[in-house]
Amino acid sequence: MGLKDFFKNRRLKKVKLKKPPISYNGQGHDLKQAPKISDDELCALWVKCQGCNELLYLSTLKKNNSICKHCDFHHRLSAEERIELITDYGTFLSINDNIIPDDPLKFTDVKPYKKRLEDAQKTTKTKEAIVTGIGNINGYIAGVASMEFQFIGGSMGSVVGEKLTRLVEVAIKKRLPLIIVSSSGGARMHEGILSLMQMAKTSSALKDFHEANLLYISILTEPTFGGVTASFAMLGDIIIAEPRARIGFAGRRVIEETIRQKLPKEFQTAEYLLENGQIDMIVHRNGLKNTLSDLLRLHLTNHNNATSKDVFKQISKEHLLIKI
Amino acid sequence: MKQETVLLDFEKPLFNISKQIHELEKQVEHNGNKNIIENLKEQYESVKNQIYKNLTPLDKVKISRHAQRPHPLDYIKLMSNTWYELHGDRSGKDDRAIVGGIIEIEGIAVMIIGTQKGTNMKENQKRNFGMPSPEGYKKALRLFYHAEKFNMPIITLIDTPGAYPGLEAESHNQSLAIAMNLRELAGLKVPVISVVTGEGGSGGALAIGVANKILMLEHSIYSVISPEGCAAILWRTKDKASDAASSLKITAEDLYNLGIVDEVIPEPFGGAHYNPEEASKNLLNAIKKYLKELQKLSPEQIRKQRQEKFRQMGRFIEA
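First, a word on scope: everything that follows refers to the structure included in this document. (Residues numbered from 1 in each chain as written. Chains lettered and ligands numbered in written order. Predicted model: local features only at pLDDT ≥ 70, side-chain atom pairs only at ≥ 80, totals over all residues. Heavy atoms only, no water.)

## Side note on the packing of aromatic side chains
Residues and elements named next belong to chain B.
Then, in step 1: Scanning the entire structure with this criterion turns up 5 aromatic pairs over all chains.
Then, in step 2: The interplanar angle of 65 degrees and the centroid separation of 6.5 Å between the aromatic rings of F10 and Y52 together place this pair among those described as edge-to-face. With F10 in the segment before helix 1 (12–31) and Y52 in helix 2 (residues 34–53), the pair connects residues that are 42 residues apart, well separated along the chain. Accessibility classification places F10 together with Y52 in one group, the buried group.
Then, in step 3: When the centroid spacing of 5.6 Å and the interplanar angle of 55 degrees are considered together, the rings of Y52 and F269 count as tilted. You can see Y52 sitting in helix 2 and its partner F269 sitting in the loop between strand 8 (263–265) and helix 13 (276–294), a full 217 residues away along the chain. (Phe/Tyr/Trp six-rings, centres within 6.5 Å; stacked < 30°, edge-to-face > 60°. Helix = DSSP H or I, 4+ residues; strand = E, 2+ residues; numbered from the N terminus. Buried < 20%, exposed > 50% of the residue type's maximum accessible area, 1.4 Å probe, protein only.)

Written out as structure tokens, the structure reads:
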């Protein structure tokens, strides 16, 4: 067995080094304790880059925000890592963590939905496919949501829809800008029509948000598809994508089956979407936080509504004390 | 001459009986034995009764997709004598998978919009099998705004496998077209009534389905994904479509029990295609009833009722 195979085997075991958590205080996350690192995990120090197949030292990769230093490939971030990336240290207040998934249809495919949920909760250490809350971005406060792709493909069921809708409602009430980071395969089949209706529910909440003249920045990351793209993710006032992220409505395979021809390689990438006028910009992960805070500042300075500016300042000061 | 109704696979026992009836009818001129025919006809009805009492969800999927099932344009023509179709998204295309226009119901001008499948291959090519492109949704949005401007109630008739998954649809931003319709429909101040008349295919259906009242015809379905698609992903084989159809809870009855649908509109025995006139009469009666109910509300109340309705959707545990 060569060295490469050795590390490949290790990687296949899907064990990951966990960074000690820094900013969560929601009830749903048991992240206060530093995780113990097992021998297995200690050995899993290397991963192969999905972009260029180079072997990468895991902790170096994590230090570089999961971006490959050889080919600049942006590896997927967990919801938690994403929040750490864009919010100021220790300012993120996670809300509505007490909303947890149910099994309304008693759905069973090859595995019962309940079991799927339990497994996903175990591997991701989160209760659902989204984390919502309020945090500062270089000092500018915003409502922030981040999706967890590892949780049943980041799919949107009742909980994701409800948590997002509540975040939008809080943002309207407190006059906060909104930043939603999407990473999802679409609506969650296991909750049937109820998942589909979350598209309408979140879009309806964003209608009120839109009319309140507040700023919504949507960030599309690898991958964003289906019912998520076709609802809240595309409704941003400003839409940002990460380099090489795959974004679309229908999946590549479904389209190829329908039109019976091979699709070009760059189809449905962030670059393709930019070319076709569907997104505003592609931003490198290392510059994302500064881009966001700049955009927040620019939309704040020209804001006609003086009172909203005051509310902003006031909330910024006391924000960790907000009870929601 | 009336076209003969095409039978679905689970209706096969009926085929044998009707074949025997036809053969005997030919012979009857010779020997005059009418009794056998009468018996067989009775048998036909009782077998049909038996079949329709025990329909599985997948059987309902097949009925909802029946090629001879009336489509929105058929209902429109049966419901009103006045019908002016309006075309185009005003920026380059008229998507024939979405039809829209103005009809008159009891002296009131009503905007009616539907997804339209074809009845034969040629028409299906023109209508893209009822799968709208982004331009189709933009056409619908234009008509929603038109309706609001002139205070017309909106009725949408849903019968689509879903939004078109094609290269051009993606590069023209199918996602945004759907998302915009969801958001803008939510904010309209005129009554919106949606009726699923056939296949309610996921986001492509919901894009014209954010309504004050959601109704379904008895044998229609409404689902987040087609049973075949779901089976292919979760069971990894399309053969499990029947299991997927049962698990997904997609029939009108299931969705009524889930509280998503306000009313299930009865269809003629065997499905709307056996008697389109009766089906459209039932449809029109239900529409009239809910129009009357919604017209009592103020424009603000209408919007609020719709947003509240969707706000309540979803099942979760709040610990």
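Let us keep going from here.
## Section: the side chain of H219(B)
Then, in step 1: Within the secondary structure, H219(B) is located in the loop between strand 6 (213–217) and strand 7 (221–223).
Then, in step 2: Apart from the residues within four sequence positions on either side, H219(B) is in contact with Y52(B), L55(B), K60(B), I63(B), S64(B), R69(B), E267(B), G270(B) and G271(B). (Contact = heavy atoms within 4.5 Å.)

## Describing the packing of helix 7 (residues 192–211) of chain A against helix 14 (residues 299–311) of chain B
Then, in step 1: Close contact between helix 7 of chain A and helix 14 of chain B brings their axes to 8 Å; oriented N to C, the two are set at 135 degrees. The angle between the axes of helix 7 of chain A and helix 14 of chain B places the two elements in the oblique class. Between helix 7 of chain A and helix 14 of chain B the crossing geometry is left-handed. Contact with helix 7 of chain A, carried on its side by M197(A), A200(A), K201(A), S204(A), K207(A), D208(A) and E211(A), involves R303(B), Q307(B), F310(B) and R311(B) of helix 14 of chain B and no other residues of that element.
Then, in step 2: Here the contact of helix 7 of chain A with helix 14 of chain B is built from residues that sort into 3 nonpolar, 2 polar and 6 charged. (Axes fitted to C-alpha atoms, helices over the stretch in contact; angles between N-to-C directions. Parallel < 35°, antiparallel > 145°, perpendicular 65-115°, else oblique. Left-handed = near helix turned anticlockwise from the far one by under 90°. Nonpolar A, V, L, I, M, F, W, Y, C, P; charged D, E, K, R; others polar.)

## Points about the sheet that holds strand 6 (residues 140–147) of chain A
Residue and element names in this part refer to chain A.
Then, in step 1: What the 7 strands build is an open sheet, ordered 3-5-6-7-8-9-10; its pairing is mixed. For this open sheet the edge positions go to strand 3 (93–94) and strand 10 (281–282), each flanked by a neighbour on one side alone.
Then, in step 2: Bridge count for strand 5 (residues 130–137) against strand 6 is 8 bridges, and the pairing is antiparallel. Each bridged residue has a counterpart across the sheet, and for G133 the counterpart in strand 6 is V144.
Then, in step 3: Here helix 4 (residues 79–86) sits on the sheet in contact with strand 5, strand 6, strand 7 (178–184) and strand 8 (216–224), set at roughly 160 degrees to strand 6. (Pairing = 2+ DSSP bridges.)

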